[in-house]
Amino acid sequence: MLDPQKIDELASFALELADTAAAVTLPHFRSGLAVDNKRGNFDFDPVTAADRDGETAIRKLILERYPDHSILGEEHGNHDGASDLTWILDPVDGTRSFISGVPLWGTLIGLNDGTKPVIGLMDQPYIGERFIGRPGGTELIRGGKALPLKVSGCKKLEDALLGNTDPGMFTVDAEKAAFREISSKVRLRRFGGDCYFYCLLAAGTLDLVVESSLQPYDIQALIPVVENAGGIVTTWSGKDPQQGGQVVAAATPELHAAALEILTPAAAD
């Protein structure tokens, strides 16, 4: 377990990594940069120089400062270090938003201590907002000021504001049916938020996020953001979500339980 002084050191370093990434990614935003498809002609999975070069810059700084640390990144894979500490990186989470000029993408930087993510950062440099979660709390950093965040007190589905990036992520009939049912019961649905929706849940403006088809680098940085603001993140069956897949994040235990009643029968794990 990391002591508080080490947590402080590594959380400050995560902010430094975000500065490094922003210097690379932000000049590409709304610039008309070229877009490649990682999966061929029939399944559009875009990637850009901002993704690749942003991760390269972050990895370089990690290996200079902490050469024994491990790294898992979306674009450049695994680096196995001697330490149990692993940085989980997604330089542009929400590349579809990025290439569309929608400022709801973010740089995700997480630190896993070998058992779970303990520090998580989402940086949106165009808007100028950073959400960082760590033991002791979650903060929104904007304009040089840090604002402590807390989830809402929403306990019922009928009162909940639900976020989801794209219903197209639900690929099997059971998932689709479960999402239709939970969507029919909530007060309001919003789409297209990528990583931002988890941060808005931590800020108390959304109450519930339901997603699927996530990778570890899509969720690990967001788990400390939500949990240290008082929220809950699990798989659809209530298990550890750090490997991705089907994920639900909720503001309260009551809302989480209500969501699981619908989602668990469609759980894959």
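This text gives an overview of the structure that appears in the document. (Residues numbered from 1 in each chain as written. Predicted model: local features only at pLDDT ≥ 70, side-chain atom pairs only at ≥ 80, totals over all residues. Heavy atoms only, no water.)

**Examining the sheet that holds strand β7 (residues 117–124)**
Then step 1. Reading across from one edge, β4-β3-β5-β6-β7-β8-β9-β10 is the order of the 8 strands in this open sheet, with mixed pairing throughout. The sheet is open, and its two edges are formed by β4 (77–79) and β10 (145–148), each paired on a single side. Averaged over neighbouring strand pairs, the angle between their axes works out to 15° when direction is ignored.
Then step 2. Two strands pair when backbone bridges link them, and strand β3 (residues 70–73) and strand β5 (residues 86–93) are joined in this way by 4 bridges, in the parallel orientation. Each residue of the ladder has a partner; that of G73, found in β5, is L89.
Then step 3. Strands β5, β6 (106–112), β7, β8 (129–134) and β9 (137–142) of the sheet are contacted by helix α1 (residues 4–25), whose axis makes an angle of about 30° with β7. (Pairing = 2+ DSSP bridges. Helix = DSSP H or I, 4+ residues; strand = E, 2+ residues; numbered from the N terminus. Axes fitted to C-alpha atoms, helices over the stretch in contact; angles between N-to-C directions. Contact = heavy atoms within 4.5 Å.)

**A closer look at the pairing of strand β12 (residues 188–191)**
Here is the key point about a regular strand: its side chains alternate between the two faces of the sheet.
Then step 1. Strand direction decides the pairing type here: strand β11 (residues 161–164) and β12, joined by 4 bridges, are parallel. Following the sheet pairing, L161 is matched in β12 by L188.

**Quick look at the packing of aromatic side chains**
Then step 1. Taken as a whole and judged by the stated rule, the model has 10 aromatic pairs.
Then step 2. Geometrically, the ring pair formed by F29 and W105 is tilted, given 5.4 Å between the ring centres and 55° between the ring planes. Linking F29 in the loop between α1 and β1 (36–37) with W105 in the loop between α3 (95–100) and β6, this pair joins segments that are 76 residues apart in sequence. Across the pair, W105 and F29 agree in class, each one buried.
Then step 3. Each ring, one from F170 and one from W236, has its centre 5.9 Å from the other, and the planes form 45°; the classification is tilted. Placement of F170 in the loop between β11 and α4 (173–185) and of W236 in the loop between β14 (232–235) and β15 (245–250) is noted, with a sequence separation of 66 residues between them. (Phe/Tyr/Trp six-rings, centres within 6.5 Å; stacked < 30°, edge-to-face > 60°. Buried < 20%, exposed > 50% of the residue type's maximum accessible area, 1.4 Å probe, protein only.)

Geometric descriptors of this kind do not, in isolation, establish any biological role.
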